[in-house]
Amino acid sequence: MRDTRVGTERTPARVVGGWMLRHPRTMGSTTAVGTAGVTLGYQTVLWAAGIAVLAGASWRLLDAPTFDRFAGRLVRAWWRRWAIYQRQWMRVVASCGLVTSDHRGDSLVPKLVAVRSNWVWDSLHIRMAKGQEPEDYGQALDRLANSFKAQAASMRILKPGKIALDFQRREPFNEMVIPLPAMPESVDAVDLRKLEIGRTEFGRPFHLDLVKRDIHVLLAGETGAGKGSWLWGIQRALAPMIRAGHVRLWVIDPKGGMELGGGREMYHRFADSDRAGLALMREYVQTLDERKFELGRQGIRDASPSRETPLDVLICDELAAMTAYTDRDIRMEFHQLLSKGLTQFRAVGGRIIAATQEPTKDVVPMRGLFPTKIALRVDSASYVDMCLGEGMRDLGAFADKIPAYLAGVAYAKNDGRKEPQRVRAAFSTDDDIAELVAFCTELNNVTPIRKEVELPDGTVTNPYEVDFEEFEDDELEEIEHFEGDEDDEEIA
């Protein structure tokens, strides 16, 4: 039916005026260039444009990171919005079933509000059409990614009615070298709030915070996914504090010590079987229980890492071997002790880092008690939500699609942060592990005794060396007894 309301005709003037109001930056730039051309002449404007292009190209060749940070991403976002996304937006959203209609039959199209771009991802800010919800776009993510020729896609909720679609144009870790972070030399150089483990997909350092945010960490990944890179990376970041006794490592490796046995010399306690692991867990809980009551009686609410109150970090390489694939008595008691460690020992310096291949509720029944969850390459799409939380895969955490050759790549999810981060931990070789163990176990805090002493006459002698053969027999006086009061006992 034709709309009979007055003043609703789409006249050319209204169309042009509306377009100008919706694109103030384009209109402002066009107006500025036109004004400069009329005022200064078009040759001057062309010379200025050529100089600007030449300066930008030189900048990019000399310092690509700063160019991309301050200028490149703006130019790229503008170009990709109008040349890639806006040009085919209507056709793509209609093909993906994201165009709805109202009660009059008019089409309601989601609006592309803005595009942000870096060298890896394009982020499209979308205002959803009336009657839509974020889950509609989550279900169409694969279709949208294929339509725009992206390698992967994810979705984020910005605010009610507005979302962001992130399209991955390339695999950054194919080109990015993840250097092993330098081992800190002293305790003062270690910041427990910023322990560098690897890099994010944007090339920035990725840190763990063992003080407040990442007090307990759950790693999930199949065999060969790179869990060892994360476990060794955490130990490397803590090396000076381990050597100084401010951090104690309690390590359970039920696979006979195959993964973490190389560091047993620097561990406070080490167990390589399920029964030994249970005994270690009992001692761990008992130790922190005693500290909890002692600090409680002193009125201390939070313990700072020191030799008296060290940060006790429990590392369990294969959690399933202790919680599922063992005898029932071991499984039940270990479950109880681990749950207690996850809930009661934060303030007294208790930290738990566990790794598993299957993050199911049957295998890891206490997974909800880990505030930080990291999903490496997993075998099933359902494992992603089991590890990171419900709906995380719809937000782009495609841990089940991580290529097998990218060991150490993972999606990290922290409590308080809705979207997961894609990161990669640095790989530690056998030589790096040997260097770590040697650093943590070397005794370099003993001051050697000065043996040589210069006498007043200028001669140098060693007062600690005595040649008893030089003494004559009559110079040695034998003491047979001490003389004292008559009531004192004689000492022969």
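Note that the coordinates shown come from a computational prediction; the quantities given were computed from them, not determined experimentally. (Residues numbered from 1 in each chain as written. Predicted model: local features only at pLDDT ≥ 70, side-chain atom pairs only at ≥ 80, totals over all residues. Heavy atoms only, no water.)

Regarding unusual backbone geometry
Here is step 1: With phi around 55°, Lys 149 is a residue other than glycine that occupies positive phi space.
Here is step 2: With respect to the helices and strands, the residue Lys 149 is situated in the loop between helix H6 (141–147) and strand S5 (152–159).
Here is step 3: Here Lys 149 falls in the exposed class, since its relative accessible area comes to 76%. (Helix = DSSP H or I, 4+ residues; strand = E, 2+ residues; numbered from the N terminus. Buried < 20%, exposed > 50% of the residue type's maximum accessible area, 1.4 Å probe, protein only.)

Some points on the UniProt feature "binding site: ATP" (unreviewed entry) in the protein chain
Here is step 1: When the UniProt feature table is mapped to this numbering, "binding site: ATP" (unreviewed entry) covers Gly 221, Glu 222, Thr 223, Gly 224, Ala 225, Gly 226, Lys 227 and Gly 228. Restricting the annotated residues just mentioned to those that line the second largest pocket leaves Thr 223, Gly 224, Ala 225, Gly 226, Lys 227 and Gly 228.
Here is step 2: Inspection of the secondary structure assignment puts Thr 223 in the loop between strand S9 (216–220) and helix H7 (227–237).
Here is step 3: With relative accessibility at 59%, the residue Thr 223 sits in the exposed group.
Here is step 4: In contact with Thr 223, not counting residues within four places along its chain, are Gln 357 and Arg 377.
Here is step 5: Positionally, Lys 227 belongs in helix H7. (UniProt positions renumbered as here; feature names shortened; annotations may be inferred. 1 Å grid on protein atoms, 1.4 Å probe; cavity = no way out; pocket = protein on both sides within 12 Å on 5 of 7 lines; lining within 4 Å. Contact = heavy atoms within 4.5 Å.)

Here's the deal with the layout of surface pockets
A probe as big as a water molecule, rolled over the atoms, marks out the empty space that is left.
Here is step 1: Within this model, the second largest pocket holds a volume of roughly 330 Å³.
Here is step 2: Around the second largest pocket, the lining is made up of 21 residues, and of these Gly 226, Lys 227, Gly 228, Ser 229 and Glu 259 lie nearest the centre.
Here is step 3: Every element with two or more residues in the lining of the second largest pocket is listed here: H7 and helix H13 (430–441).
Here is step 4: Take the lining of the second largest pocket: its biggest share by element is 5 residues, from H7.
Here is step 5: Residue composition of the lining of the second largest pocket, grouped by class: 6 nonpolar, 9 polar and 6 charged. (Points joined across faces, edges and corners; volume = space filled by probe spheres on them. Nonpolar A, V, L, I, M, F, W, Y, C, P; charged D, E, K, R; others polar.)

Things to note about the pattern of salt bridges
Here is step 1: Counted under the stated rule, the structure contains 19 salt bridges.
Here is step 2: Lys 401 is paired through a salt bridge with Asp 142; the nearest N and O atoms lie 3.8 Å apart. Remark: Asp 142 occurs in helix H6 and Lys 401 occurs in the loop between helix H12 (381–388) and strand S15 (409–414); sequence separation between them is 259 residues.
Here is step 3: Here Arg 422 makes a salt bridge to Glu 171, at a shortest N to O gap of 2.9 Å. Of this pair, Arg 422 sits in strand S16 (residues 421–425) while Glu 171 is found in the loop between strand S6 (162–168) and strand S7 (195–200), placing the two residues 251 residues apart along the sequence.
Here is step 4: Using a relative accessible area of 6% as the deciding quantity, one classes Arg 422 as buried. (Salt bridge = Lys/Arg side-chain N within 4 Å of Asp/Glu carboxyl O.)

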